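Examination of the molecular architecture
So you can see what is in the structure, the chains are spelled out below.
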Amino acid sequence: MAIDLSPKLAKKVYGDNGGAYYAWCPQELQMLKEGNIGAAKLLLDKFGLALPQYSDSAKVAYVLQGSGVAGIVLPEQEEKVIAIKKGDAIALPFGVVTWWYNKEDPELVLLFLGDTSKAHKAGSFTDFLLTGSNSIFTGFSPEFVSRAWDLEQDVVKTLVTSQSGTGIVKLDPTFKMPEPKNQHRKNMALNCEEAPLDVDIKNGGRVVVLNTKNLPLVGEIGLGADLVRLDGSAMCSPGFSCDSALQVTYIVRGSGRVQVVGVEGKCVLETTIKGGDLFIVPRFHVVSKIADPEGLEWFSIITTPNPIFTHLAGRTSVWKALSPQVLQASFNVTADVEQLFRSKRTADEIFFPPPK
């Protein structure tokens, strides 16, 4: 039975006062379960706080909208408080405790993409809250918590039960949260909209690749990522990940068309894509996208920290590497047709501007 690869939107899981948490369901987007990938979004209203928690999955967080403050505690390290804004990517290894706060924007929106191969449920993140109505400590007896924290049981009860919120709360505007520290940001976050471009093609598109060189923590989570901005009506070359990686793509803004071709030359996905959509390209499948006139932007994770792609069109494609005789025989065409084919796309690579 073929797996449905069509893009899906996230659905609300919980939240009300202060914001909401959304997730993609592996029952609807089956490739999440097949590929052991989790995907979710966090929306925080002004003064909204996502309570401290840890997850069963390593993730990449990407700020889709707004600005705010993040608290990150790596195992056996001090808390790092960093300012975050649109375009920031943050690597979150196993065991990290995080909180997120929207200090002043109408909305702060974060995307989470990660590996669920060691998670409780394939294709889903399970988060463990440290405070709130369903926190870890609501399950322990007062005696155990009292002994652990060295506090009287009445104080323990106050600490464990006073926060009635679940996951997300809205703080009083006068409450002062920790201020971010510039020195904490080093090696913790990379702004993909401001980082040096790895690819920049006039009227074609631009790419920033997130890897172990510019954000070393991605090596710990085993994922790479990229931000791609495709200009209006431009095309992204057909290509595939040649190191057995999955591509998980979230459409940030704009719209366009996508085609994915797999085993025996069968087109397994041909559809339109728009902001908010998420889809997954299976291993070794070839994908290509064409932007609508307003352009197309997407953020992807790749299930390897330093991904390698093979392109099937353009100056750096495999066609330019193969011998003319091999191409002529393989296509079963004349030498003139082979020469015409080879003469095209000698300057363009990866992104192709719209036809003139």
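Before reading further, recall that the structure is shown in the block above.
Since we're looking at a predicted model, the values are computed, not measured. (Residues numbered from 1 in each chain as written. Predicted model: local features only at pLDDT ≥ 70, side-chain atom pairs only at ≥ 80, totals over all residues. Heavy atoms only, no water.)

1. Considering the pattern of salt bridges
Taken as a whole and assessed by the stated rule, the structure comprises 13 salt bridges. With its nearest N and O atoms 2.6 Å apart, the salt bridge here joins Lys 85 to Glu 194. Of this pair, Lys 85 sits in strand 7 (residues 80-85) while Glu 194 sits in the loop between strand 13 (189-191) and strand 14 (199-201), and the two are 109 residues apart along the sequence. Relative accessible area serves as the criterion here: at 55%, Glu 194 is assigned to the exposed category. (Salt bridge = Lys/Arg side-chain N within 4 Å of Asp/Glu carboxyl O. Helix = DSSP H or I, 4+ residues; strand = E, 2+ residues; numbered from the N terminus. Buried < 20%, exposed > 50% of the residue type's maximum accessible area, 1.4 Å probe, protein only.)

2. Notes on the packing of helix 6 (residues 324-331) against helix 7 (residues 335-343)
In the contact formed by helix 6 and helix 7, the axes pass within 9 Å of each other and the chain directions differ by 115°. The handedness of the crossing between helix 6 and helix 7 comes out as right-handed. Side by side, helix 6 and helix 7 meet where Pro 324, Leu 327, Gln 328 and Phe 331 of the first sit next to Ala 335, Glu 338, Phe 341 and Arg 342 of the second. (Axes fitted to C-alpha atoms, helices over the stretch in contact; angles between N-to-C directions. Left-handed = near helix turned anticlockwise from the far one by under 90°. Contact = heavy atoms within 4.5 Å.)

3. Quick word on empty space enclosed by the protein
Using the criterion set out here, one finds one cavity of 30 Å³ or more in the structure. Taken as a whole, the largest cavity spans an internal volume of roughly 190 Å³. Around the largest cavity, the lining is made up of 16 residues, and of these Gln 53, Lys 59, Thr 98, Phe 112 and Asp 127 lie nearest the centre. Of all the elements in the fold, those that place two or more residues in the lining of the largest cavity are strand 4 (48-55) and strand 9 (97-101). Broken down by element, the residue count for the lining of the largest cavity peaks at three residues, all from strand 4. (1 Å grid on protein atoms, 1.4 Å probe; cavity = no way out; pocket = protein on both sides within 12 Å on 5 of 7 lines; lining within 4 Å. Points joined across faces, edges and corners; volume = space filled by probe spheres on them.)

4. Regarding the nonpolar core
Leu 42, Tyr 62, Ile 84, Trp 100, Leu 278, Phe 299 and Phe 351 are the most contacted members of the largest nonpolar core, which has 80 residues in total. Contacts of Leu 42, omitting those with residues within four sequence positions, involve Ala 20, Tyr 21, Ala 50, Trp 100, Leu 108, Val 109, Leu 110, Phe 112 and Ile 168. Judged by nonpolar contacts, the second largest core, of eleven residues, contains Trp 99, Tyr 101, Val 169 and Met 177. (Core = buried A, V, L, I, M, F, W, Y, C linked by side-chain atoms within 4.5 Å.)

5. Examining the sheet that holds strand 13
Reading across the sheet, the seven strands line up as 1-2-3-10-5-8-13 and stay open at both edges, with antiparallel pairing between neighbours. Edge positions in the sheet fall to strand 1 (11-16) and strand 13, since each of these pairs with one other strand and no more. This sheet shows a mean twist of 20° between the axes of neighbouring strands, independent of strand direction. Two elements, strand 5 (residues 58-65) and strand 10 (residues 107-115), share seven bridges in a ladder whose sense is antiparallel. Paired with Lys 59 across the strands is Gly 114, a residue of strand 10. (Pairing = 2+ DSSP bridges.)

6. Focus on the packing of aromatic side chains
With the rule as written, the count across this model stands at eleven aromatic pairs. The interplanar angle of 80° and the centroid separation of 5.9 Å between the aromatic rings of Trp 24 and Tyr 250 together place this pair among those described as edge-to-face. Here the residue Trp 24 occupies a position in the loop between strand 2 (19-23) and helix 1 (30-35), and Tyr 250 occupies one in strand 18 (residues 247-261), the gap between them amounting to 226 residues. Classification of Trp 24 as buried rests on a relative accessible area of 3%. By relative accessible area, Tyr 250 is classed as buried at 4%. Measuring from centroid to centroid gives 6.0 Å for Phe 137 and Phe 140, while their planes differ by 35°, and the two rings are tilted. The exposure class assigned to Phe 137 is partly exposed, which follows from its relative accessible area of 22%. Its relative accessible area of 42% is what places Phe 140 among the partly exposed residues. An aromatic cluster of three or more residues is present, and its members are Phe 137, Phe 140, Phe 144 and Trp 149. Lying over the aromatic face of Phe 112, Lys 59 brings its terminal NZ or CZ to 5.2 Å of the ring centre. Above the face of the Phe 125 ring, Lys 59 is positioned so that its terminal group lies 4.5 Å from the ring centre. (Phe/Tyr/Trp six-rings, centres within 6.5 Å; stacked < 30°, edge-to-face > 60°. Lys NZ or Arg CZ within 6 Å of the ring centre and 35° of its normal.)

7. Brief notes about the pairing of strand 20 (residues 278-281)
On strand 20, burial covers both faces: Leu 278 and Ile 280 on one face and Phe 279 and Val 281 on the other are all buried. Looking at chain direction, strand 18 and strand 20 are connected through four bridges and run antiparallel. Each bridged residue has a counterpart across the sheet, and for Thr 249 the counterpart in strand 20 is Phe 279.

8. Notes on unusual backbone geometry
The phi dihedral of Phe 284 is positive, around 65°, even though this residue is not glycine. Residue placement: Phe 284 occurs in the loop between strand 20 and strand 21 (286-302).

9. Some words on the environment of Asp 198
Relative to the elements of secondary structure, Asp 198 occurs in the loop between strand 13 and strand 14. What Asp 198 contacts, discounting residues up to four positions off in sequence, is Val 207, Val 208 and Val 209. At 2.7 Å, the side chain of Asp 198 and the backbone nitrogen of Val 209 are in polar contact. (Polar contact = N/O pair within 3.5 Å; in protein donor to acceptor, adjacent residues only side chain to side chain.)

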